[in-house]
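Examination of the molecular architecture
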Amino acid sequence: MPAGELFTAADRHAIARAVRNAERACGYDFSVCVATTEGDSRAYAEAMHAQLDEPARSVLVLIDPVARRLEIVTGAKVRRTLDDAEVGLAALAMQTAFAAGDFVGGITAGVQQLGEHARRPTVHHAEGR
Amino acid sequence: MTIDNAIRTAARAGTVVIPLTLGCVAAPALADTPNTWTEPEPMSVLKALLIFGGIPVLLALIIALLVIAPSLIRRDRQQRGVTSWTEPEWFGGPGDAEPAEARSGAGAADTSPGSSPDPGDQPGGASARW
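Residues numbered from 1 in each chain as written. Chains lettered and ligands numbered in written order. Predicted model: local features only at pLDDT ≥ 70, side-chain atom pairs only at ≥ 80, totals over all residues.

1. Section: the overall build of chain A
Condition: Secondary structure is summarised from DSSP: a helix means a run of H or I of at least four residues, a strand means a run of E of at least two, and numbering begins at the N terminus for each. Once C-beta atoms are placed from the backbone, any two residues with those atoms within 7 Å are in contact.
Helix and strand counts for chain A come out as four helices and three strands. Secondary structure of chain A in N-to-C order comes out as α-β-α-β-β-α-α. In chain A, 59% of the contacts between residues at least 6 apart in sequence involve partners at least 24 apart.

Here's what the structure looks like:
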């Protein structure tokens, strides 16, 4: 399958909407990049993450459909509410969908899951008590 | 054994024995075709086979095809995989971020210049392959 056939216009719209919803849910920046990586995909993803506007507040999801690699990088601030185990769960969900050939479903579900986990739980007790 | 138990046992036995007896004793209902009805032409074996065998088989094949087709298409896409990718495709990439006012949650409250991460904090995350 050559480039350009992986996503339709509706697919792109669905992914963009999932990214927006995740950002609104937790307040962090989400970026999804579908690209071919060169060399060590983890290092490549971390280098891309470092080039984002605010890396500490950003989550990068890098998908290499050719090498079949998925990398999720979370910034230092994001890690306060979204730990690596939760990221691993989202990665597992995405991995399962990708293995079944469902890229759009995997990306949207994974990003949504990351956004929900990154949301800091609301504190209901009153301050100063 | 109390009287209630005896009645209950008799009722149970009755529910089995009575219908069986009636079924065996009853005379079969006999009815002939009314004289006013037109006598249909006898159906050929080939036509009967086509109607009673061909049509159900055809319907079964169509239903099976409708059920199997989506998974066949999916498997084909999966087997083909992605062989090449030229341009990186970004969703929410650099410079594409929403203003913080439109957001809620942990990150929205964390945009002040003074709230920089602790020194030594490294990016985290996870990796996977399929």
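More follows now that the structure is in view.
2. Describing the nonpolar core
As a reminder of what qualifies: Working definition: the nonpolar core is a set of buried Ala, Val, Leu, Ile, Met, Phe, Trp, Tyr and Cys residues, joined through C-beta atoms within 7 Å. Whether a residue is buried, exposed or partly exposed is read from the other C-beta atoms within 10 Å of its own C-beta, which are placed from the backbone; 20 or more gives buried, 12 or fewer gives exposed, and intermediate counts give partly exposed.
Grouped together as the largest cluster of nonpolar side chains are 37 residues, with contacts concentrated most on Val 32, Leu 60, Ile 72 and Val 111 of chain A. Of all the secondary structure elements, the ones that give two or more residues to this core are α1 (9–26), β1 (29–34), α2 (41–50), β2 (58–64), β3 (69–74), α3 (84–99) and α4 (103–118) of chain A together with β2 (124–129) of chain B. Sorting elements by how many residues they give to this core places α1 of chain A first, with six residues.

3. Focus: the pairing of β1 of chain A
Here is the rule: Handedness of a crossover is defined as follows: orient the strands so they point away from the viewer, and if the path from the first strand over the helix to the second runs clockwise, the crossover is right-handed. For two strands to pair, DSSP has to find at least two bridges joining them.
Extensive coverage of β1 of chain A is indicated by the burial of six of its six residues. Along β1 of chain A, one buried face is formed by Asp 29, Ser 31 and Cys 33 of chain A and the opposite face, lined by Phe 30, Val 32 and Val 34 of chain A, is buried too. Taken together, β1 of chain A, α2 of chain A and β2 of chain A form a β-α-β motif whose crossover is right-handed. Direction of pairing for β1 of chain A relative to strand β1 (residues 89–91) of chain B: antiparallel, over a ladder of three bridges. Bridging across to β1 of chain B, Val 32 of chain A finds its partner in Phe 91 of chain B.

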